[in-house]
Amino acid sequence: MKDKVIAFVSDENYINHVKSIAVNCIEQGKYDGDFAVICPINSNAAKEFKEYGFYVLEVDAIGFLQKFSIFDSFFKSWEKFLYLDCDILIQDDLQRLFDLLERDDQVIWCDTEDGTTLDTFWRDPEPDQHKEIYEYIKKEYPDVMKQTFNSAFILFNPCMIPENIPQQLMDIQNKIEPINRIENGATDQQIINLLLWNFM
């Protein structure tokens, strides 16, 4: 086991995408650490990635909910952790990213987006029917009105992440599910921002 790991989320539909970006990380990113993937339990994806030599975390979540598990204590076996969406293109040495973790002014590193986290709930087809949920969010998570962070890549030291974050993220999703439904194209990004904005 190396000191750093790059993790992906995959089911059967993204096996080749993950394999491709892993090669990209090695060849263009000069990466020499471990790879891990979060897959549905007992899936063909989990089996194939184990055979491929990846560390595999099997979870009972599906779709974007799997991504909450990047904060699982499973990853505390490594000193440095980088999550990548499998449509990212690596064009330079990834050590430049990992070097950011030597700084002590931030716990989680990721990119930003224009607009606030509240703006990212635009997939809700009936916002007027969910005013109570939006009021709850603004009261409980005041950072929702600040600039939002993009979750396409997420970098952190696993030892700095509090325990039970995946369950806390799932609890938030369950609480506000009517405005972040899978069938409406819901994503993990809003939920991660609500809970962890102060860490970013």
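The structure this text deals with has already been given above.
Throughout what follows, the structure given in this document is the object of discussion. Here the residue numbers are simple positions, counted from 1 along each chain's written sequence. Reporting of local features is limited, given that this is a predicted model, to residues whose pLDDT is at least 70; pairs of side-chain atoms are given and counted only at 80 or more, and all residues count toward the totals for whole chains, interfaces and linings. For the side-chain quantities, the full set of heavy atoms in the structure was used; hydrogens and water were omitted.

What counts as a ring pair is set by centres within 6.5 Å for rings of Phe, Tyr and Trp (its six-membered ring), and what kind of pair is set by the plane angle: stacked under 30 degrees, edge-to-face over 60, tilted for all other angles. Applying the stated criterion across every chain yields a total of 17 aromatic pairs. With centroids separated by 6.1 Å and ring planes inclined at 90°, the aromatic side chains of Phe64 and Phe68 adopt a geometry described as edge-to-face. The two residues Phe64 and Phe68 agree in class, both being buried. Each ring, one from Phe75 and one from Phe81, has its centre 4.8 Å from the other, and the planes form 65°; the classification is edge-to-face. Exposure class is identical for Phe75 and Phe81. Each is buried. Among the aromatic residues, those joined into a ring-pair cluster are Phe8, Tyr31, Phe35, Phe49, Tyr52, Phe54 and Phe98. A 1.4 Å probe rolled over the protein chains alone gives each residue an accessible area, and that area as a share of the maximum for its type sets the label: buried under 20%, exposed over 50%, partly exposed in between.

The next thing to look at is the pattern of salt bridges. Where charged atoms from two side chains of opposite charge come close, those side chains can pair. The term salt bridge refers to a pairing of a side-chain nitrogen on Lys or Arg with a carboxyl oxygen on Asp or Glu at a separation within 4 Å. Going through the model one piece at a time under the given rule, you end up with twelve salt bridges. Lys19 serves as the salt-bridge partner of Glu48, at 2.5 Å between the closest nitrogen and oxygen. Of this pair, Glu48 sits in helix α2 (residues 44-52) while Lys19 sits in helix α1 (residues 15-27); the two residues are 29 residues apart in sequence, bridging distant segments of the chain. You can call Glu48 partly exposed: its relative accessible area is 29%. You can call Lys19 buried: its relative accessible area is 17%. A run of DSSP states H or I qualifies as a helix once it reaches four residues; a run of E qualifies as a strand once it reaches two. Both are numbered from the N-terminal end.

So, on to α2. For α2, the full list of buried residues reads Ala45, Ala46 and Phe49. The buried residues of α2 occupy an angular sector of 100° when projected down its axis, which confines them to one face. Set apart from the buried face of α2 by more than 90 degrees, the exposed residues are Asn44, Lys47 and Glu51. Here, residues are in contact when the closest pair of their heavy atoms is within 4.5 Å. Looking at the buried residues of α2, the elements they touch are α1, β2 (34-40) and β3 (55-59). Phi for Gly53, located one or two positions after α2, is positive at around 100°. The arc under discussion is defined with respect to the helix axis, by the directions toward the C-beta atoms.

So, on to the sheet that holds strand β5 (residues 108-116). Note on sheets: strands pair through backbone hydrogen bonds, and any given pair is parallel or antiparallel. With mixed pairing, the six strands of this open sheet are ordered in space as β3-β2-β1-β4-β6-β5. Edge positions in the sheet fall to β3 and β5, since each has one partner strand and no second. Here the average twist between neighbouring strands, direction ignored, is 30°. Two elements, strand β4 (residues 80-84) and strand β6 (residues 147-156), share four bridges in a ladder whose sense is antiparallel. Looking at β6, one finds that Leu82 is bridged to Leu155. Each of β5 and β6 is contacted by helix α6 (residues 189-196), which is oriented at about 90° to β6, the strand it contacts most. Being paired, for any two strands, means DSSP has found at least two bridges between them. Convention adopted: a line fitted to C-alpha atoms gives each axis, helices being fitted over their contacting stretch, and angles between N-to-C directions are expressed from 0 to 180 degrees.

Interhelical geometry of helix α5 (residues 165-176) versus α6 gives an angle of 115° and a closest axis separation of 10 Å. Taken together, the axis directions place α5 and α6 in an arrangement best described as roughly perpendicular. Here the hand of the crossing between α5 and α6 comes out right-handed. Residues Ile165, Gln168, Leu169, Ile172, Gln173 and Ile176 of α5 form the contact with α6, whose participating residues are Ile191, Ile192, Leu194, Leu195 and Leu196. Under this scheme an angle from 65 to 115 degrees is roughly perpendicular, one under 35 degrees roughly parallel, and one over 145 degrees roughly antiparallel; angles in between are oblique. With the far helix as reference, a near helix turned anticlockwise by less than a right angle produces a left-handed crossing, and one turned clockwise produces a right-handed crossing.

Another aspect to go through is unusual backbone geometry. With phi around 60°, Asn42 is a residue other than glycine that occupies positive phi space. Structurally, the position occupied by Asn42 is in the loop between β2 and α2. Residue Asn42 is classed as exposed on the basis of its relative accessible area of 71%. In this model, Asn164 sits at a positive phi of 70°, which is unusual for a non-glycine residue. Summarising the element assignment, Asn164 is placed in the loop between β6 and α5.

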